[in-house]
Amino acid sequence: MSELAKTYEPASVEERWYSFWLEHECFAARPERVSEQRPAFSIVIPPPNVTGVLTLGHVLNNTIQDILARRARMLGKEVLWLPGTDHAGIATQTVVERTLKKQGVIRHRDDLGREKFLEKVWEWKDKHGGIIIQQLKKLGASCDWSRERFTMDAEYSRCVSRVFVELYKKGLIYRGKRMVNWCPVSLTALSDEEVTMKPQNGTMYHFRVEVAELPGTWLTIATTRPETIPGDTAVAVNPKDPRYAHLIGQHIVRPLPVNLTAAEKLIPIVGDDHVEFEFGTGVLKVTPAHDKADFEIGQRHGLPVVDIMNPDGTMNALAGESLVGLDRFEARNVAVDRLRELGVMGKEEPYQNNVGYSERADVPIEPRLSEQWFLKYPSVEQARACVAKGEMKFFPERWAKVYENWMENIQDWCISRQLWWGHRVPVWTKTITLTEQNWTDELLRWGWDSYLGGNWGDTCIRVTKVSDGRVIDTKADPLTPVTAEAEGEYQFAIATFDDSISRELEAAGFTQDTDVLDTWFSSWLWPFATMGWPEKTDTLAKFYPTTDLVTGPDIIFFWVARMIMAGYEFMGELPFRNVYFTGIIRDKQGRKMSKSLGNSPDPLDLIAQYGADALRFGVMRSAPLGADVSYDEKNVELGRNFCTKLWNAARFRQMHGGEHEAQIIPQLLSADDKWILLQLDRAVQEVTAALNEYRFSDATSTLYRFFWSEFCDWYLEASKASLFPSSPASPEDGGEAAEPDGEALARRATTLAVLDFVLANTLRLFHPFLPFITEELWHGLGYSEDMPADQGGRTIMNAPWPKPLTNDERHYMDIDPSHEEFARQRYDVVNAGRGLRRDFNIGSSKRVRFILRGYGGLAPHDHAVLQLLLAADPLELVEPEWVAPKGTPVALTPLGELLLPLEGLIDATAERDRLGKEIAKVEQELAKVRAKLADVNFTAKVPRQVLAEHQQREETWAQKLAQFQRMLETLG
RNA sequence: GCGCGCUUAGCUCAGCGGUAGAGCGCUUGCUUCACACGCAAGAAGUCACAGGUUCGAACCCUGUAGCGCGCACCA
C-alpha cells in the first residue's frame, strides 16, 4: 500500500481510474449474465443533442443516473446504462446554417442544395459530435459506451422508417392540409408542444366598416392584427346577438387592400356561435388563413382562404400594394396608417394578450395552412392507464397529474418538418394516369395485390384521385369493373422502409417526400430501438422494459409520454417502470440557466477547479426531490471540501499502519466504538431508504452528517486516546512516553479494526456519489486486497452495498442503545466543558484542569477519552460531597457537575451572571411545561404517554433549576 | 380562467399534530501532531397572512396574498 499524497488531486486520480474502468470493461452490460440471482437493471440515457455541450442540467441528470447504475451494480445487478445522442433536427440545422453563412460559404441553404448541405451537417457532426460524450466521461458516467447509439445511425433510421410505415398502414399517420404552427424563422411547421404562450403588450385597434347593403350603417371591429385585414373573408357575429343578428347575410366593405374594385372588397357577414357578445365589439373579423379559430369558422361557412403572407412572415402580393414585401410587424404599422388615412380608425388602446412563440427561435409563430403529416397517437389508453394505475411510477408523483391531463386532451401530432437534417418521410409518390387499359397492371405493379390480401410486406400503398382528392377504398375492390369515369390522374403514395423497393420506385419516376420527421418521432423509440428492435435480441429480452428513466419535466410530453405510447405500441409493454423528474437548474436569482443569459457555468471548468466528485456531490446536495435546483458554486466548493475531509480521514487511518481490516473482537469494543458502529448502521439504513425512494439530497445530507459530524468530529478524535496512548506527554508524566502495555496494544488494534470497518463501509456508501475518490481510497487503504475480484477486489464498483446490522451481529458485538446513550452522555460532558472554556475565555486547545463531581464509575479508557476530548489535564473525579472553591464555574452534565477550577482567576461576578442566564432559560422552559400541566383540558385529554413525557420534562427542568440555584448560593 | 406546487434563521433547504433543525454565510477564539478546503464555541426565526379544527398547529381544514409550473385562451 503506497502512502497517500498530502492532498487529494482529483485530475490525475479521475483520469487514471476512468481509464482503468474502461480497460476492464467495468461498464459493459452482459445479457447472458442476467439470472434470477443477478437481475437486470437498465436505464437509457436521455440522448443529448449530438452537437451540444455539457450543461449543469446534464450534470444533474447524468449524476443521478450514474448513482442509480453504480448502486445497482453494488447490489449485484447486471447493469445496462445505454448512452447515445440525438440529431436534434432544427437546432443542429440552424447552427450549421448560421455557421456556414458566417463563414461566407453560403447565403442561403438553397445555395448548396439538399445533398451538399447535408454533407456539411455530417461534417459538422463528425467534428463537434461526441464532445458531449467525452464530457460525460469526465463526469464519471458509467455508461456502456460500446452500445452508444445515434438517432441518425443507419439501423436506428430504419427503425424510424419502419415505425412510420407501420403507423401509416394502420391509418394513424395521414397527410392533410391543416392549420399548423409555423415558425417564420426556422421555416418549418412545429408541433403544439414547441409553442409557448407569452404575454404581449400590444394594442387593440378599433376600426369601422360599412355595411354594403345599408349605406351609412357602420360596424366597429376590434383587432390586434390589422395587417391581416386583406386576408379577411368574412366578419362574424353571434346569431343570438340582437345588435347584429339582422345583418347576417349582408356584406361589409373590407377597407384593405385599398386598390380593389368595390365588388372585390365585399365580404359577407356570417353568424357563428364562436363569437362572444361581450368581447371587443361583438363583431369578429374572420381571417381563415391566419388564425386557427377563424379557419374553423371559415370551414363552417365555406369561406375562401386567402393567404397573404410568405413563409418567412413577410406580406405577399395579396396583402396589397402598400403592404407587400413588408415584415408582418412593419405591415401592422402600415396597415394602421392606412386605416387612419381612410378615416375608419377608432380608438387604439393598450392591450395585453397571449401570443404563441416558437420555443426554439423565440419569435411569434404564425398559424398557417399547409400540407403536413400528422399522427393520431397509438396505444393512448394503455399509456394513460399504466400511470393512473401506478404500474409506472412518477417521482415526484405530482407529474402524474400533468401527464394525465395531457393524455386526456391529446391532439394529433404534426410530425413533418420542412427541414433537411433528419429522417426523411419514407413516402414516395408519383402521379399516374389510369385508364381502362392500364388500370389493373399499374395497380398490381405497385403492390396493390398484397394490399388487398392484407399481406403488406414492407410497404403500404395509398391511391388518391387527383381531381377530387378521393382516396380509393380498397375494401370496395376498385380493380373491377373499371368505368370510363374512373379514369384519370391518380396519385400513388407508397411508404416503405425497404431500400431496394425505394430504389426501384425512384427508378420508376417516383419521388420521395421532401419533409423530414420531427426529431421526437425518432427519440420516442429510444428505449427499444437502441436495443436492436425489431430483432428479438438478447439485450431486449433481458433489459427491456428498463428500470428507471431520469429526465427533466420540461420534456414530459415531448418525450416521456410519447415513449410510453411507443413502448406499448411496438413492444406491447411499458418502456420503463419508474420515471424520476429532476428539477430545473436555476441561478441564484431564480432564472433558468441559459446560453443567452450567460449565467450557466461550464461544468468542465468546475471539474477542473474542484474535481468531478465535488461537482457531483455539490449538485446532488442541492437537488431535493420535486424542487428546482438553485445553483450556487458554494455547493461545489462544499463538495470539494468534503472530498478533502474524506481524503484526510483516510490519511489519518493510514498513518497509524497496522494490519488492515483486522477482526473486531467484541470484548474489546469501547463505548465509542459501539456508538460509531450504531451511527454507521443508521447511516446505512437511511441512505439505503433514501435511494430506494429517489431522495438523493437526503441521502447526500445523511452521508455528510454521518461522516463529518459523527465519524470525524467525535469518533476519530476519541480514537486518538487509544492510538496515541501515552502521548503527547503531559507534564505530570515527566515528559516521558510510557511503554504501551498489552492491553493498550489490544485496544489500539481494536480501534484500527473499527476504523477500517467504518471507513470501508463508508467508501462503499459513498461510491455511487463520489466514484473516483472512493475508488482511489479503496485501493489506497488496501480494502480491495482481501476481496474476490468481482466483489470489490478489482474495483469498488462491484463491492457489495453495505447492509444494516442483523440482530445476531448486534448480539455478537454486544451493542444496544444503552451504549449509544452512554457515549452521548460523555459527549455532553465534553460540550459542557467546551462551553465553560468559552465563557471564561480559555482557548480551546489550552490544557486545563477539569473536575467531574458525582460520577464514580468511569472506566480508565473512557476516562482517557474524556480527558482527551476536553483537553483536560487532568480530569479529576471527585465525590459528590467535594466542595469547590467559591466562584468555581460549574456546568451540569448527564454525568454529574463539571467544574473548571480557575486558580487565581476566579471571577464570582462573571459566574453569577452566567448562572443567572442559565436560570432564566430554565425558568422559562419550566414555566411552559407547568402551564401545560396546570391545564385540566390538557391533563384530561392528552394521551398518557405524552402526559408522562411532560411530567418527566417538568421534573428534569425543576432539578436543573434547583441545582443552578444551589450553585448560585455557594457562590455567595 | 382551470389545475398543481411552493412560502420555516441573511441564503439554500429539512421538519408535516406534542420542547423550532442542518449546511452555507456571519461573530469570537484557535498555526491542537488527518484536514485552515480545518478545529472549537456562539448569535440569529411572532415557521407568508387571516380564520377554523384540536387540550395542543410550522404541521390538518378554509380563505387571502406573493412566487413558480402545467393546460386553456376572446378577435
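What counts and how
- Positions within a chain are numbered from 1, following the residues in the order the chain's sequence is written.
- Think of it this way: whatever chain is written first is A, whatever ligand is written first is 1, and the rest follow in order.
- In view of the model being predicted, local features appear only for residues whose pLDDT reaches at least 70, and side-chain atom pairs are presented and counted only at 80 or more, with totals across whole chains, interfaces and linings using the full set of residues.
- As a convention, hydrogens and water are excluded, and side-chain values are obtained from all of the structure's heavy atoms.
- The way it works is that DSSP assigns letters per residue, a run of H or I at least four long becomes a helix, a run of E at least two long becomes a strand, and they are numbered from the N terminus.
- When we talk radius of gyration, it's over C-alpha atoms, and the globule rule is simply 2.2 Å times the number of residues to the 0.38.
- The rule is simple: take the accessible area with a 1.4 Å probe, protein chains only, and divide by the maximum for that residue type; under 20% is buried, over 50% is exposed, in between is partly exposed.
- The criterion used for residue contact is that any of the two residues' heavy atoms lie within 4.5 Å.
- The accessible surface values rely on the Shrake-Rupley method and a 1.4 Å probe; as for residues, cover is taken only from the protein chains in view.
- Residues counted as positive are Lys and Arg, residues counted as negative are Asp and Glu, and His and the chain ends are not counted.
- A single reference atom marks each charge: NZ on Lys, CZ on Arg, CG on Asp, CD on Glu.
- For every element, the axis is a line fit to its C-alpha atoms; helices are fit only across the contacting stretch, and the angle between N-to-C directions ranges from 0 to 180 degrees.
- Note: crossing handedness is left-handed where the near helix turns anticlockwise from the far helix by less than a right angle, and right-handed where it turns clockwise.
- Consider each residue's heavy atoms; a residue with any of them within 4 Å of a molecule or strand counts as near.
- The term polar contact refers here to a pair of N or O atoms within 3.5 Å; inside protein, the definition further demands a hydrogen-donor-capable atom paired with an acceptor-capable atom, and it admits residues adjacent in sequence only when both atoms are side-chain atoms.
- The residue classification treats Ala, Val, Leu, Ile, Met, Phe, Trp, Tyr, Cys and Pro as nonpolar and Asp, Glu, Lys and Arg as charged. All others, Gly included, are polar.
- Following DSSP output, two strands are said to pair if at least two bridges run between them.
- The term salt bridge refers to a pairing of a side-chain nitrogen on Lys or Arg with a carboxyl oxygen on Asp or Glu at a separation within 4 Å.
- Residues grouped as a nonpolar core are buried Ala, Val, Leu, Ile, Met, Phe, Trp, Tyr and Cys residues, joined through side-chain atoms within 4.5 Å.
- Patch membership requires over 30% relative accessible area and the absence of a salt bridge. Like charges are linked within 9 Å, and nonpolar side chains (Val, Leu, Ile, Met, Phe, Trp, Tyr) within 5 Å.
- Seen with its strands pointing away from the viewer, a crossover is right-handed when the path leading from the first strand over the helix to the second is clockwise.
- Throughout, the term roughly parallel applies to angles under 35 degrees, roughly antiparallel to angles over 145, roughly perpendicular to angles from 65 to 115, and oblique to all others.
- To estimate how far a helix should reach, multiply one less than its number of residues by 1.5 Å.

Chemist: Explain the overall build of chain A to me, and be specific about the residues and the numbers.
Modeler: A tally of regular secondary structure across chain A gives 30 helices and 30 strands. Rg of the C-alpha trace for chain A: 39 Å, well past the compact-globule value of 30 Å for 972 residues, more than 25% over. Principal-axis analysis of the C-alpha atoms gives chain A an extent of 120 × 70 × 60 Å. A burial count over chain A gives 53% of its 972 residues as buried. Put simply, of all contacts in chain A between residues at least 6 apart along the chain, 79% involve residues at least 24 apart. Summed over all atoms, the accessible surface of chain A reaches about 43,600 Å², with 49% contributed by carbon and sulfur. Taking the average place of the 111 positive charges on the side chains of chain A and the average place of its 139 negative ones, the gap between the two points comes to 2 Å.

Chemist: For the packing of helix α9 (residues 380–388) against helix α17 (residues 556–571), give the residues involved together with the corresponding values.
Modeler: Remark: α9 packs on α17, axes separated minimally by 8 Å, with the N-to-C direction vectors making an angle of 120°. For the pair α9 and α17, the sense of crossing is right-handed. Across the interface between the two elements, V380, Q382, A383, C386 and V387 of α9 pack against I564, M565 and Y568 of α17.

Chemist: Please provide a residue-by-residue account of the protein's contact with RNA strand B, values included.
Modeler: Near RNA strand B lie 58 residues; those nearest to it are F279, T644, K645, N648 and S845. When the atoms of RNA strand B within 4 Å of the protein are sorted by group, sugar and phosphate make up 55%. The contact in question runs from a phosphate oxygen of RNA strand B to an N or O atom on the side chain of N831, over 2.9 Å. Along the lines of polarity and charge, the residues of the surface near RNA strand B split into 25 nonpolar, 14 polar and 19 charged.

Chemist: Describe the environment of Q951, naming the residues involved and giving the relevant values.
Modeler: Mapped onto the elements, Q951 comes out in helix α30 (residues 944–971). Distance from Q951 to K932, taken between C-alpha atoms, is 9.9 Å for residues 19 residues apart in sequence.

Chemist: Could you give me a rundown of the sheet that holds strand β14 (residues 366–375), with the residues and numbers involved?
Modeler: Overall, antiparallel pairing links the four strands, which are arranged β6-β5-β14-β16 in an open sheet. Looking at strand neighbours, the two that pair on one side only are β6 (188–190) and β16 (413–414), the edges of this open sheet. Where β14 lies against β16, two bridges are found, and the strand directions are antiparallel. Looking at the pairing, L375 lines up with W413 of β16.

Chemist: Go over the pattern of salt bridges, please, and point to the residues and values.
Modeler: The final tally for this structure, using the stated rule, is 52 salt bridges. A salt bridge links R225 to E366; its shortest N-O distance comes to 2.9 Å. One end of the pair, R225, is in the loop between β8 (218–223) and β9 (234–237); the other, E366, is in strand β14, with 141 residues separating them in the sequence. The exposure classification of R225 matches that of E366, with both residues buried.

Chemist: How would you sum up unusual backbone geometry? Please name residues and give values.
Modeler: Note the cis peptide between F395 and P396, where omega equals -10°. Tracing the backbone through its elements, the reader meets P396 in the loop between β15 (393–395) and α10 (399–408). Residue W533 is joined to P534 through a cis peptide bond whose omega torsion reads 10°. Topologically, P534 is positioned in the loop between α15 (526–529) and α16 (538–543).

Chemist: Describe in detail the sheet that holds strand β18 (residues 427–434), supporting the description with residues and values.
Modeler: If you trace the four strands from one edge of the open sheet to the other, you get β19-β20-β18-β21, paired in antiparallel fashion. This sheet does not close on itself; its edge strands, each paired only once, are β19 (459–465) and β21 (511–512). Taken together, the eight bridges between β18 and strand β20 (residues 488–496) define a ladder with antiparallel strand orientation. Residue pairing in the sheet places T429 in a bridge with A493 of β20. Here helix α6 (residues 154–169) sits on the sheet in contact with β18, β19 and β20, set at roughly 50° to β19. Helix α13 (residues 499–507) contacts β18, β19, β20 and β21 of the sheet and is inclined by roughly 155° relative to β20.

Chemist: I'd like a description of the nonpolar core, backed by residues and values.
Modeler: Core analysis: the biggest nonpolar cluster contains 200 residues, and F521, I564 and F711 have the highest contact counts within it. The greatest single-element share of this core, amounting to 14 residues, is contributed by helix α22 (residues 696–723). Counting 28 residues, the second largest nonpolar core, distinct from the first, contains V209, Y244, V283 and M309.

Chemist: Explain a negative patch on the surface to me, and be specific about the residues and the numbers.
Modeler: Negative charge collects at one region of the surface, where E115, E119, E123 and D126 lie side by side. Take D126: its relative accessible area is 58%, and that puts it in the exposed class.

Chemist: Tell me what's going on with the pairing of strand β28 (residues 872–878), and back it up with residues and numbers.
Modeler: Of all the seven residues making up β28, five are buried; the element is thus mostly covered by neighbouring parts of the structure. Direction of pairing for strand β27 (residues 848–853) relative to β28: parallel, over a ladder of five bridges. The residue of β28 that forms the bridge with V848 is A872. For the crossover that starts at β27, traverses helix α27 (residues 860–870) and ends in the parallel β28, the hand is right-handed.

Chemist: How would you sum up the side chain of R616? Please name residues and give values.
Modeler: Structurally, R616 is set in helix α19 (residues 612–621). Overall, the relative accessible area of 1% leaves R616 in the buried class. Not counting chain neighbours up to four residues away, the residues in contact with R616 comprise T63, D66, I67, R70, L139, G140, P768, F769 and P771.

Chemist: Describe the pairing of β18, listing the residues and the values that go with them.
Modeler: Here β18 runs beside β21; their pairing, made up of two bridges, is antiparallel. The residue of β21 that forms the bridge with W428 is Q512.

Chemist: Describe in detail the packing of helix α21 (residues 671–692) against helix α23 (residues 742–766), supporting the description with residues and values.
Modeler: Contact pair α21 / α23: the axes reach a minimum separation of 11 Å and the direction vectors enclose 10°. Between α21 and α23, the interaxial angle falls into the category roughly parallel. Contacts between α21 and α23 involve D673, I676, L677, L680, A683, V684 and V687 from the first element and T750, V754, F757, V758, N761, T762 and L765 from the second. When its residues are assigned to classes, the contact of α21 with α23 shows 10 nonpolar, three polar and one charged.

Chemist: Describe helix α20 (residues 633–655), listing the residues and the values that go with them.
Modeler: If you check α20, its first and last C-alpha atoms are 33 Å apart, about what 23 residues at 1.5 Å a residue would give, namely 33 Å. Of the residues trailing α20, G657 is marked for its positive phi of about 55°.

Chemist: Before we move on, can you summarise the side chain of D515 with the specific residues and values?
Modeler: Counting through the fold element by element, D515 comes out in the loop between β21 and β22 (516–517). One buried charged residue, D515, forms no salt bridge at all, with the nearest opposite charge on R175 at 4.8 Å. Setting aside anything within four residues of it in sequence, one finds D515 in contact with R114, Q372, W373, S416, R417, Q418, H423, R424 and V425.

Chemist: Before we move on, could you go through the environment of A690 and cite the residues and values that matter?
Modeler: Tracing the chain through its elements places A690 in helix α21. For the pair A690 and K588, spaced 102 residues apart in sequence, the C-alpha to C-alpha distance is 27 Å. Those residues within four positions of A690 in sequence are excluded, and the remaining contacts are R695, D698 and A699.

Chemist: Give me helix α26 (residues 817–839): which residues, what numbers.
Modeler: Here α26 spans 33 Å end to end across 23 residues, near enough to the 33 Å set by a 1.5 Å rise per residue. A positive backbone phi angle near 55° is found at N841, which sits one or two residues after α26.

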